[in-house]
Amino acid sequence: MLTISRIKKEYGSPICRRCINEQYHVNLRRKNCRYFKASDVCPRCGNTRHIVKRLGLSGYCKVISV
């Protein structure tokens, strides 16, 4: 199962939703994620984006098989 703590171990900090979708081949949408209040630089892509703080219930249901 994919969790934010697993992502933190791999990248050192949480990453943006676009990178999660590309890296883990999931289809998370904006409503599936909870974000930090301010934008930050994603450690994977290097762009300033909203970083995923945690996944909502629907997000966890989507990534349960990853």
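Residues numbered from 1 in each chain as written. Predicted model: local features only at pLDDT ≥ 70, side-chain atom pairs only at ≥ 80, totals over all residues. Heavy atoms only, no water.

Engineer: Hey, could you run me through the side chain of Asn32 in this one?
Structural biologist: For Asn32, the location among the structural elements is in the loop between α2 (17–24) and β1 (33–35). In terms of polar contacts, Asn32 uses its side chain to reach the side chain of Ser58, at 2.7 Å. Polar side-chain contacts of Asn32 include one of 3.2 Å to the side chain of Lys62. (Helix = DSSP H or I, 4+ residues; strand = E, 2+ residues; numbered from the N terminus. Polar contact = N/O pair within 3.5 Å; in protein donor to acceptor, adjacent residues only side chain to side chain.)

Engineer: Please explain the packing of helix α1 (residues 4–11) against α2 as it appears in this structure.
Structural biologist: Between two packed helices, what matters for the description is the angle formed by their axes and the separation of those axes. Running from amino to carboxyl end, α1 crosses α2 at an angle of 85°, the nearest separation of the two axes being 13 Å. The angle between the axes of α1 and α2 places the two elements in the roughly perpendicular class. Facing Arg6, Ile7, Glu10 and Tyr11 of α1, the residues of α2 in contact are Ile20, Gln23 and Tyr24. Grouping the amino acids of the contact of α1 with α2 by side-chain chemistry returns four nonpolar, one polar and two charged. (Axes fitted to C-alpha atoms, helices over the stretch in contact; angles between N-to-C directions. Parallel < 35°, antiparallel > 145°, perpendicular 65-115°, else oblique. Contact = heavy atoms within 4.5 Å. Nonpolar A, V, L, I, M, F, W, Y, C, P; charged D, E, K, R; others polar.)

Engineer: Sorry if this is basic, but what is going on with the state of the cysteines here?
Structural biologist: By definition, a disulfide links the sulfur atoms of two cysteines through a covalent bond. Under the defined criterion, the tally for this structure stands at zero disulfides. The cysteine Cys16 is free of any disulfide, with Cys19 supplying the nearest cysteine sulfur at 3.4 Å. For Cys45, which is in no disulfide, the shortest distance to another cysteine sulfur is to Cys19 and amounts to 3.7 Å. (Disulfide = S-S within 2.5 Å.)

Engineer: What am I meant to see in the pattern of salt bridges here?
Structural biologist: Between side chains of opposite charge, pairing is possible as soon as their charged atoms come close. Within this structure, the stated rule accounts for two salt bridges. Between Glu10 and Arg6 there is a salt bridge, with its nearest N and O atoms 3.6 Å apart. Of this pair, Glu10 and Arg6 both sit in helix α1, four residues apart, which is roughly one turn of that helix. In this structure, Arg44 engages Glu22 in a salt bridge whose closest nitrogen and oxygen atoms are separated by 3.3 Å. Of the two residues, Arg44 sits in the loop between β2 (40–41) and β3 (48–49) while Glu22 sits in helix α2, which places them 22 residues apart along the sequence. Looking at Arg44, the relative accessible area reads 32%, which means it is partly exposed. (Salt bridge = Lys/Arg side-chain N within 4 Å of Asp/Glu carboxyl O. Buried < 20%, exposed > 50% of the residue type's maximum accessible area, 1.4 Å probe, protein only.)

Engineer: Just checking my understanding: could you explain unusual backbone geometry for this structure?
Structural biologist: Peptide bonds are mostly trans, and most non-glycine residues show a negative phi. One non-glycine residue, His25, lies in the positive phi region at around 55°. With respect to the helices and strands, the residue His25 is situated in the loop between α2 and β1. Judged by its relative accessible area of 71%, His25 is exposed.

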